[in-house]
Amino acid sequence: MTDHEGGHRAGDQAERPTANAMRRALRRARDGVALDIGEAAVLLQARGGDLEDLCASAARVRDAGLEAAGRSGVITYSKSVFIPLTRLCRDKCHYCTFATVPGKLRRAGHGPFMSPDEVLEIARRGAELGCKEALITLGDKPEDRWPEAREWLEAEGYDDTIAYVRAMAIRVLEETGLLPHLNPGVLTWTDFQRLKPVAPSMGMMLETTATRLWSEPGGPHHGSPDKEPAVRLRVLEDAGRSSVPFTSGLLIGIGETYEERAESLFALRRVSRAYHGIQELIIQNFRAKPDTAMRGMPDAELDDLVATIAVARHVMGPSGCLQAPPNLVDEEYGRLIAAGIDDWGGVSPLTPDHVNPERPWPRIDMLAERSGDAGFRLRERLAVYPEFVRRGEPWLDPRLLPHVRALADPGTGLANEEAVPTGLPWQEPDEGFTASGRTDLHRTIDTDGRSSDRRDDFDEVYGDWGALREAAAPGMVPSRIDTDVRQALATAADDPTGLTDGEALALLHADGPALDALCSIADDLRRDVVGDDVTYIVTRNINFTNVCYTGCRFCAFAQRRTDADAYTLSLDQVADRAQQAWDVGAVEVCMQGGIHPDLPGTAYFDIARAVKDRVPGMHVHAFSPMEVVNGATRTGLSVREWLTAAKEAGLDSIPGTAAEILDDEVRWVLTKGKLPAATWIEVVTTAHELGIRSSSTMMYGHVDQPRHWLGHFRTLSRIQRETGGFTEFVTLPFIHTNAPVYLAGIARPGPTARDNRAVTAMARLLLHPHIPNIQTSWVKLGADGAAEMLRSGANDLGGTLMEETISRMAGSSYGSYRSIRDLTAIADAAGRPSRPRTTLYGDVPAERRRTAVDSDGHLPELLPVLPPG
């Protein structure tokens, strides 16, 4: 027997807490004082009278939460069917009988995956019995281990298992009306974007944070790549970032210590607190099964389970929802209720528990009777918990709202027990591009301003600000710089490509005479590489909607559809604005918008076509990597396929925005649901491979430090060496005034003048010779600031813009447009000549130049384009 099978199990520990330690921990629990990990570990060992005392205080916490939620005396369950989509798995958990091998499936007459007919047969029979949830469970990424799984998916036309899960979820919604709850194992951020539109809830057990149970030979998770605790915690965080109602929990008694079990509970609390997205925790007791490596390991004791539930209730608090599977406790239901659960989980009148097939579900009427004996009424809920039903967007995708509302009690968010599941179409919203809201914001932002400095859901939509402050603190600690600045300046002047990371960091921290010397070196390099001409482009920004539920904490542009400043343009309005821009000499429109939940993934194609149909010669520079991923996941296309279709629709290049800082330590403080750094890199490199060029950007001066800037520059340089697809690098100083992360007291108030000079100069040096064009932002820095950057290594002023709402909504005071004369004056202030350019830094045709000069590159008047009467 290995130590994982015996010596390290919580229940077998020799050292018990002292009586004093137990009394103290119990008193703190009774008094409602927040427990620490050590106290939780002590309470996990409560037995006898101590355990009764612990359960009594846990029950009081649970009852307070139910009263606050309007469900006093109610314990819930979900009437479900269990659909084991595939029992193949790439992991090798030592206690699992769910996962099997292709040969066994073949001998039993089954394929690698359930067929669509098999899936729908179970779902239809469940609907006939009044079930409302389809629990779709499967092994992790079977195609990575089993050729049979890969071959089946290819033969059926699916790129991967997730594509098949998505397809089956849609079929279940459309043909039966059951709500899919998906348990596909470890998911990436992109996987969540693919599956969120087809399932109102998902889940994955954390099980434990004890890394040794995964890393050491003989451990229950050894040899299972998807059971690494850090990986599973990242999944929970990505679910929260993606606003997916998520179920998780612990599997107790697999060899963890009490301290490790307590640490696991606190890890779950941390994620729940940060994102408010964990809808329930399952506390599941280990049951040994024959024909597994852990068949000789004793089952987790009932007292152990009861104590863990009670401690979990204290740790998660009154708002947490706790479930314990009723089929694993030999009808000891009263003890679980007394310990603080408020839910029995999914119970099926049709299908067995395929993970624990030897343990049949209790009958629902018997469960109601036993709940009643403990003083609770049994009520049916949906797969998605009532709190999330009531929250609606962004937790529920608009394509799922009709399905959820058809089964939900509108007053409580619980199941309407009289509702009969009926298939409903799953489709993109019909609304499309309909002009709505404050469509004159591009003009009135400069005159009337925004309606308020923040959204009225400020305290909820971005996650927990207190947890965010804790997460941000380590990243904002400045690095100690030991490198000699004089030597670093000498290297920069001699050969900037030879700068070490230490030298680069020293220069990014430079100030005073050293900063002046750095900017002079960068300016000399700029002159050698691109000459003295300051370039600019006659362009128009068109932000086609500001409705967005992504939850970026730095963004003051995003609005809910019901907010006073929210708007969406029609396709005709977009085309009209492009035509107006062409008439005054523009060669480009730059189009970006919020991630509007009602716009289909093909809407971006429609926007590009609308501009090209109206103004065939206009360069369409549009759609950030975040918008690309949104479009791809909504359409079910790969990023490559989606970009190819967008290019065919008229897309010419993409803005390299949504980069912020390409370091997830910083990104996950700045944004709640935006794409990870690796996904941003995937999008831009794929675009470059398809011949779609992009800009590159960095937003700085918030919760970042110079070490993050250095990593960002190194990443961009590497990409450019590989693809050559970046047209320029754009510095984007953080505008703090109305940014939520600043209003919450977390971010600093934008970069200093020193920061701006150092970033511009180091961009010139660190991106040399790969990205020759360095752009500064007059929108964010003003004329004087932009001129200073032109003396610090920049060579480009960006565009006339004609309209600009993103920075203005954030609080920039430098207006929404600049005329050609204005941009020429900035270049003059820097002592340099100026000339227009195209998006790709080519020469502007003579006709375009004449038209632009005649109009001075701006619209005669910025009026809203009204929809047809």
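Nothing here was measured: the structure is a model prediction, and the numbers come from that model.

### As for the overall build of the protein chain
And step 1. A count of helical and extended segments in the protein chain gives 35 helices and 21 strands.
And step 2. For a compact globule of 869 residues, the expected C-alpha radius of gyration is about 29 Å, and the protein chain comes in at 29 Å, within 12% of that figure.
And step 3. Across its three principal directions, the C-alpha atoms of the protein chain cover 85 × 65 × 55 Å.
And step 4. The buried share of the protein chain, taken over its 869 residues, is 63%.
And step 5. Of all intrachain contacts in the protein chain linking residues separated by at least 6 positions in sequence, the fraction that spans at least 24 positions is 78%.
And step 6. Accessible surface for the protein chain amounts to roughly 30,900 Å². Of this, 49% is attributable to carbon and sulfur atoms.
And step 7. If you average the places of the 96 positive and of the 124 negative side-chain charges in the protein chain, the two averages end up 1 Å apart.

### Some points on the side chain of serine 777
And step 1. Here serine 777 shows up in the loop between strand E19 (774-775) and helix H32 (778-790).
And step 2. Polar contacts involving the side chain of serine 777 include one to the main-chain amide nitrogen of lysine 780, which spans 3.3 Å.
And step 3. Once you skip the residues sitting within four places of it in the chain, serine 777 turns out to touch Thr731 and Gly782.

### Let's talk about the packing of helix H20 (residues 485-494) against helix H22 (residues 512-530)
And step 1. Between H20 and H22, the least distance of the axes is 10 Å, while the angle of their chain directions is 10°. As the angle between them shows, H20 and H22 are arranged roughly parallel. Between H20, through Val485, Leu489, Ala492 and Ala493, and H22, the contact on the second element is made entirely by Ala514, Ala517, Leu518 and Ile521.
And step 2. For the contact of H20 with H22, the per-class residue count stands at 8 nonpolar, no polar and no charged.

### Examining the confidence of the model for the protein chain
And step 1. Across the protein chain, the average pLDDT comes to 90, with 91% of residues at or above 70.
And step 2. Segment residues 1-8: pLDDT under 50, and 22 contacts once partners within four positions in sequence are set aside and those in other chains are kept.
And step 3. Ignoring residues within four places in sequence, the model shows residues 862-869, a span with pLDDT below 50, making 19 contacts including any to other chains.

### Points about the environment of leucine 765
And step 1. With respect to the secondary-structure elements, leucine 765 resides in helix H31 (residues 753-766).
And step 2. When the C-alpha atoms of leucine 765 and glycine 498 are compared, they prove to be 9.9 Å apart, with 267 residues separating the residues in sequence.
And step 3. Ignoring any residue separated from it by four or fewer positions in sequence, one finds leucine 765 in contact with Ala492, Pro496, Leu499, Leu518, Ile521, Ala522 and Leu525.

### Re the pattern of salt bridges
And step 1. Enumeration according to the criterion identifies 53 salt bridges in this entry.
And step 2. For the salt bridge of arginine 270 with glutamate 237, the shortest nitrogen-to-oxygen distance reads 2.9 Å. Here glutamate 237 lies in helix H10 (residues 229-241) and arginine 270 lies in helix H11 (residues 258-275), a separation of 33 residues in the sequence.
And step 3. A relative accessible area of 15% means that glutamate 237 is categorised as buried.
And step 4. Here the salt bridges do not stand alone but share partners, grouping Arg234, Glu237, Asp238, Arg241 and Arg270 into one network.

### A look at the environment of arginine 194
And step 1. Looking at where arginine 194 falls in the secondary structure, it is placed in helix H8 (residues 189-195).
And step 2. On the accessibility criterion, arginine 194 (19% relative accessible area) is buried.
And step 3. Every residue in contact with arginine 194, bar those within four places of it in the chain, is listed here: Asp160, Ile162, Ala163, Arg166 and Thr633.

### Remarks on unusual backbone geometry
And step 1. Glutamate 393 connects to proline 394 through a cis peptide bond whose omega is 5°.
And step 2. Within the secondary structure, proline 394 sits in the loop between helix H15 (386-391) and helix H16 (401-407).
And step 3. The phi torsion at alanine 658 lies on the positive side, around 65°, for a residue other than glycine.
And step 4. Within the secondary structure layout, alanine 658 lies in the loop between strand E16 (653-654) and helix H27 (664-670).

### A few points about the layout of surface pockets
And step 1. The space that makes up the second largest pocket amounts to roughly 630 Å³.
And step 2. Surrounding the second largest pocket, 29 residues form its lining, Thr188, Thr190, Asp191, Arg194 and Glu682 being those nearest its centre.
And step 3. Broken down by secondary-structure element, the contributors of at least two residues to the lining of the second largest pocket are helix H7 (161-175), H8, H10, helix H25 (625-635), H27 and helix H28 (677-689).
And step 4. Looking at the lining of the second largest pocket residue by residue, the class counts come to 11 nonpolar, 7 polar and 11 charged.

### Structural notes on the domain arrangement of the protein chain
And step 1. Looking at the assigned domains, one finds that the protein chain contains domain 1 (28-407) and domain 2 (490-855).
And step 2. When each unit is reduced to the centre of its C-alpha atoms, the spacing between domain 1 and domain 2 is 43 Å.
And step 3. Each partner contributes residues to the interface: domain 1 has 16 residues there, and domain 2 has 18 residues.
And step 4. Of all residues in domain 1, the largest losses of buried area upon contact with domain 2 belong to Trp189, Arg241 and Glu393, amounting jointly to 44% of the total for that side.
And step 5. Along the contact surface separating domain 1 from domain 2 lie 0 salt bridges.
And step 6. For the pair domain 1 and domain 2, the interface holds 6 residue pairs in polar contact (both at pLDDT 80 or more).
And step 7. Sorting the residues of the side of domain 1 that touches domain 2 by element identifies H8 and H10 as the ones contributing at least two each.
And step 8. By residue number, the principal contributor to the side of domain 1 that touches domain 2 is H8, which donates 4 residues.
And step 9. When its residues are assigned to classes, the side of domain 1 that touches domain 2 shows 5 nonpolar, 4 polar and 7 charged.

### What about the UniProt feature "domain: Radical SAM core" (unreviewed entry) in the protein chain?
And step 1. As recorded in UniProt, the feature "domain: Radical SAM core" (unreviewed entry) lies at residues 75-325 and 534-769.
And step 2. Helix makes up 40% of residues 75-325 and strand 17%, whereas the separation of the span's terminal C-alpha atoms amounts to 13 Å.
And step 3. Measuring from the first to the last C-alpha atom of residues 534-769 gives 18 Å, for a span that is 44% helix and 16% strand.

### Comments concerning H11
And step 1. Spanning 18 residues, H11 covers 26 Å between terminal C-alpha atoms, matching the ideal 26 Å at 1.5 Å per step.
And step 2. With 13 of 18 residues buried, H11 is to be regarded as a mostly interior element.
And step 3. Taken from the residues just after H11, histidine 276 is the one with a positive phi, measuring 55°.

### Considering helix H26 (residues 639-649)
And step 1. Taken together, the buried positions of H26 are Val639, Trp642, Leu643, Ala646 and Ala649. What you see down the axis of H26 is that its buried residues fit within an arc of 115°, all on one side.
And step 2. Looking at the buried side of H26, the elements it contacts are helix H24 (603-614), H25 and H28.

### Here we look at the nonpolar core
Soluble globular proteins tend to bury their nonpolar side chains together.
And step 1. Counting 124 residues, the largest nonpolar core has Met591, Trp680, Phe713 and Met762 as the members making the most contacts within it.
And step 2. Sequence-distant contacts of phenylalanine 713, defined by excluding residues within four places in its chain, comprise Met698, Phe729, Val759, Met762, Ala763, Leu766 and Leu767.
And step 3. Counting residues in hydrophobic clusters, the runner-up holds 120 residues, among them Val42, Tyr275, Leu382 and Trp426.

### Topic: empty space enclosed by the protein
And step 1. This structure, assessed with the given rule, holds 7 cavities of 30 Å³ or more.
And step 2. There is about 360 Å³ of room inside the second largest cavity.
And step 3. If you trace the second largest cavity, you find 24 residues lining it, with Gln193, Lys196, Ile595, Asn630 and Arg634 closest to the centre.
And step 4. For the lining of the second largest cavity, the secondary-structure elements that each account for two or more residues are H8 and H25.

Conventions we followed
- Every chain begins its residue count from 1, and numbering advances along the sequence as written.
- Predicted model: local features are reported for residues with pLDDT of at least 70 only, side-chain atom pairs are reported and counted for 80 or more only, and whole-chain, interface and lining totals are derived from all residues.
- Side-chain descriptors were evaluated using all non-hydrogen atoms of the structure, hydrogens and water having been removed beforehand.
- Helix and strand definitions here come from DSSP, where helices need a minimum of 4 consecutive H or I residues and strands a minimum of 2 consecutive E residues; each element is numbered from the N-terminal end.
- Within these notes, the globule rule equals 2.2 Å times the number of residues to the 0.38 power, and the radius of gyration is based on C-alpha atoms.
- Only protein chains enter the area calculation, which uses a 1.4 Å probe; residues under 20% of their type maximum are buried, those over 50% are exposed, and those in between are partly exposed.
- Contact definition: two residues touch when any of their heavy atoms are within 4.5 Å.
- Computed with the Shrake-Rupley method and a 1.4 Å probe, the accessible areas treat only the protein chains shown as cover for residues.
- Charged residues are defined here as Lys and Arg on the positive side and Asp and Glu on the negative side; His and the ends of the chain fall outside this count.
- Taken as the charge centre is NZ of Lys, CZ of Arg, CG of Asp or CD of Glu, depending on the residue.
- Counted as a polar contact is a pair of N or O atoms within 3.5 Å, where, for protein atoms, one must be capable of donating a hydrogen and the other of accepting one, and residues adjacent in sequence contribute only when both atoms are in side chains.
- A fitted line through C-alpha atoms represents every axis, and for helices the fit uses only the stretch in contact; the resulting angles, taken between N-to-C directions, go from 0 to 180 degrees.
- To sort the angles, those under 35 degrees are grouped as roughly parallel, those over 145 as roughly antiparallel, those from 65 to 115 as roughly perpendicular, and the leftovers as oblique.
- Three classes are used: nonpolar for Ala, Val, Leu, Ile, Met, Phe, Trp, Tyr, Cys and Pro, charged for Asp, Glu, Lys and Arg, and polar for all others, with Gly counted as polar.
- A residue's pLDDT is simply how confident the predictor is in it, with values from 0 to 100.
- A pairing counts as a salt bridge when a side-chain nitrogen of Lys or Arg comes within 4 Å of a carboxyl oxygen of Asp or Glu.
- In this analysis a 1.4 Å probe is tested at points of a 1 Å grid over the protein atoms alone, and where it fits but cannot get out there is a cavity; an open set with protein on both sides within 12 Å along at least five of seven lines is a pocket; lining residues have an atom within 4 Å of a point.
- Grid points are joined across faces, edges and corners, and a volume is the space filled by probe spheres set on the points.
- An automatic or database domain assignment is the source of the domain bounds shown.
- Buried surface area refers to the total accessible area, computed with a probe of radius 1.4 Å, that the two partners give up upon joining, counted for both partners together.
- UniProt positions are given in the numbering used here, feature names are shortened, and annotations may be inferred rather than shown by experiment.
- Here the expected span of a helix is defined as 1.5 Å times the quantity of residues minus one.
- Regarding the arc, it is the one traced by the directions from the helix axis to the C-beta atoms.
- Think of a nonpolar core as a cluster: buried Ala, Val, Leu, Ile, Met, Phe, Trp, Tyr and Cys residues, connected wherever their side-chain atoms sit within 4.5 Å.

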